[in-house]
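Descriptive analysis of the structure
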Amino acid sequence: MEEVDSRHYFAWTSGTIRFNNDPLEEVVKILERWYNVKIQLDKHVEKSMRIQGSYTDKKLYTILDGLEYIYNLDCHYTHDNTIVIKPKPQNKLPM
């Protein structure tokens, strides 16, 4: 037997999405189901990146904005309404 935090599993009943050190790949699956959208991870994104956070009654763009800021990602919509997540380009300093 293992002790678990049940808040993580029943958060949906209160309109809360809770990520507890979940890999980005799993977070994407949860967001796709929750918001009925298609999300694609760019091949350069670290899919095993761990995500921590809790969102109550938030719009999808609010969650994506947080992921962009905290994890240095870039999220954008394609012409077929798919959300693509990729790493932000690295700024190079002039020499």
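Predicted model, so just to flag it, every value in this text is computed and none were measured.

**Points about the overall build of the protein**
Counting its secondary structure elements, the protein contains three helices and five strands. Ordered by position from the N terminus, the helices and strands of the protein form the series α-β-α-β-β-α-β-β. The buried share of the protein, taken over its 95 residues, is 32%. Residue pairs in contact within the protein that sit at least 24 positions apart in sequence constitute 47% of those at least 6 positions apart. On the protein, roughly 7200 Å² of surface is accessible, and the fraction owed to carbon and sulfur atoms is 50%.

**Section: the sheet that holds strand β5 (residues 82–87)**
Taken in spatial order, the three strands make up an open sheet running β2-β5-β4, and their pairing is mixed. Unpaired on one side and paired on the other, β2 (38–41) and β4 (73–77) mark the two borders of the sheet. Between one strand axis and the next, the sheet turns through 20° on average, direction left out of account. Where β4 lies against β5, five bridges are found, and the strand directions are antiparallel. Directly across from Leu73, in β5, lies its bridge partner Pro87. Sheet contacts for helix α2 (residues 24–35): β2, β4 and β5; angle to β2, the most-contacted strand, approximately 165°.

**Details of the environment of Asp74**
Structurally, the position occupied by Asp74 is in strand β4. Exposure remark for Asp74: the relative accessible area of 24% places this residue in the partly exposed category. In this structure, the C-alpha to C-alpha distance between Asp74 and Asp42, residues 32 residues apart in sequence, is 10.0 Å. Not counting residues within four places of it along the chain, the set of residues in contact with Asp74 comprises Glu68, Val84, Ile85, Lys86, Pro87 and Lys88.

**Quick word on the environment of Lys47**
Following the sequence through the fold, Lys47 ends up in the loop between β2 and β3 (50–56). What makes Lys47 partly exposed here is its relative accessible area of 30%. With 24 residues separating them along the chain, Lys47 and Pro23 place their C-alpha atoms 6.6 Å apart. Those residues within four positions of Lys47 in sequence are excluded, and the remaining contacts are Pro23, Leu24, Glu25, Leu41 and Asp42.

**Side note on helix α3 (residues 60–71)**
With twelve residues, α3 should reach 16 Å at 1.5 Å per residue; the first-to-last C-alpha distance of 16 Å fits that figure. Among all positions in α3, only Leu60, Ile63, Leu64, Gly66, Leu67 and Glu68 are buried.

**A look at the nonpolar core**
Core analysis: the largest hydrophobic core is formed by 21 residues, its most contacted members being Phe19, Leu24, Leu31, Ile51, Leu64, Ile83 and Ile85. Put simply, the parts of the chain that give this core at least two residues each are β1 (16–23), α2, β2, β3, α3, β4 and β5.

**Describing the confidence of the model for the protein**
Model confidence for the protein is summarised by a mean pLDDT of 85, while 81% of its residues fall at 70 or above. Element-level pLDDT for the protein is lowest in helix α1 (residues 6–10), with a mean of 51, against a maximum mean of 97 in β2.

What counts and what doesn't
- Residues numbered from 1 in each chain as written.
- Predicted model: local features only at pLDDT ≥ 70, side-chain atom pairs only at ≥ 80, totals over all residues.
- Heavy atoms only, no water.
- Helix = DSSP H or I, 4+ residues; strand = E, 2+ residues; numbered from the N terminus.
- Buried < 20%, exposed > 50% of the residue type's maximum accessible area, 1.4 Å probe, protein only.
- Contact = heavy atoms within 4.5 Å.
- Areas by Shrake-Rupley, 256 points an atom, 1.4 Å probe, with all protein chains shown as cover.
- Pairing = 2+ DSSP bridges.
- Axes fitted to C-alpha atoms, helices over the stretch in contact; angles between N-to-C directions.
- Expected span 1.5 Å × (residues − 1).
- Core = buried A, V, L, I, M, F, W, Y, C linked by side-chain atoms within 4.5 Å.
- pLDDT = per-residue confidence, 0-100.

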